[in-house]
Amino acid sequence: VVLVNVTGDSINWSGGLTVTGTDVSNVLYNFHKARQLRIHGIDVRGSILAPRTEVIFNDGLISGQLIAKSMRGTGQLNNYLFVGNIPCTTTIQNI
């Protein structure tokens, strides 16, 4: 499983991208702070988690899932479900 955390408020995502060694269904791009994400001219191989983000997707391809606040544009989505298992501790720390 590949988890990529991307930090930033306004992100412009274009160009080449390659993740090797795992299937697209095991790749997750996490835009945890983004308010706006522009995707264009890129083949994103994996799922995008951006629940607070306005996604503007005019040109390109996503081979995965897209979870966002909103999306507009004419980009192509190919539905490959994220099936990866991201391990986390089950112990809750009281701080």
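Relevant structure appears above.
Residues numbered from 1 in each chain as written. Predicted model: local features only at pLDDT ≥ 70, side-chain atom pairs only at ≥ 80, totals over all residues. Heavy atoms only, no water.

Peer 1: Can you lay out a nonpolar patch on the surface for me, pointing to particular residues and giving the numbers?
Peer 2: Residues Val 1, Leu 3 and Ile 86 make up a contiguous nonpolar surface patch of roughly 240 Å² in combined accessible area. Residue class for Ile 86 comes out partly exposed when judged on its relative accessible area of 36%. (Patch = residues over 30% accessible without salt bridge, like charges linked within 9 Å, V, L, I, M, F, W, Y side chains within 5 Å. Areas by Shrake-Rupley, 256 points an atom, 1.4 Å probe, with all protein chains shown as cover. Salt bridge = Lys/Arg side-chain N within 4 Å of Asp/Glu carboxyl O. Buried < 20%, exposed > 50% of the residue type's maximum accessible area, 1.4 Å probe, protein only.)

Peer 1: Let's hear about the packing of aromatic side chains: which residues, and what values?
Peer 2: Remark: the centre distance and the inter-plane angle together describe each pair of aromatic rings, the angle taken between the planes. Using the criterion set out here, one finds two aromatic pairs in the structure. Taking the centre distance of 5.2 Å and the plane angle of 65° together, the rings of Trp 13 and Tyr 29 count as edge-to-face. Placement of Trp 13 in strand S2 (residues 10-13) and of Tyr 29 in strand S3 (residues 27-30) is noted, with a sequence separation of 16 residues between them. On the basis of relative accessibility, which here comes to 14%, the residue Trp 13 falls in the buried class. Take Tyr 29: its relative accessible area is 3%, and that puts it in the buried class. Considering the side-chain rings of Trp 13 and Phe 31, the 5.4 Å spacing of their centres and the 55° angle between planes classify their relative orientation as tilted. (Phe/Tyr/Trp six-rings, centres within 6.5 Å; stacked < 30°, edge-to-face > 60°. Helix = DSSP H or I, 4+ residues; strand = E, 2+ residues; numbered from the N terminus.)

Peer 1: Would you mind going over the environment of Phe 57 in detail, with residue names and values included?
Peer 2: Looking at the element boundaries, Phe 57 is found in strand S5 (residues 47-63). As for Phe 57 and Gln 76, which are separated by 19 residues in sequence, their C-alpha atoms are 8.6 Å apart. With near-sequence residues (within four places) excluded, Phe 57 lies in contact with Ile 39, Ile 62, Met 71, Arg 72, Gly 73, Thr 74, Gly 75, Gln 76 and Leu 77. (Contact = heavy atoms within 4.5 Å.)

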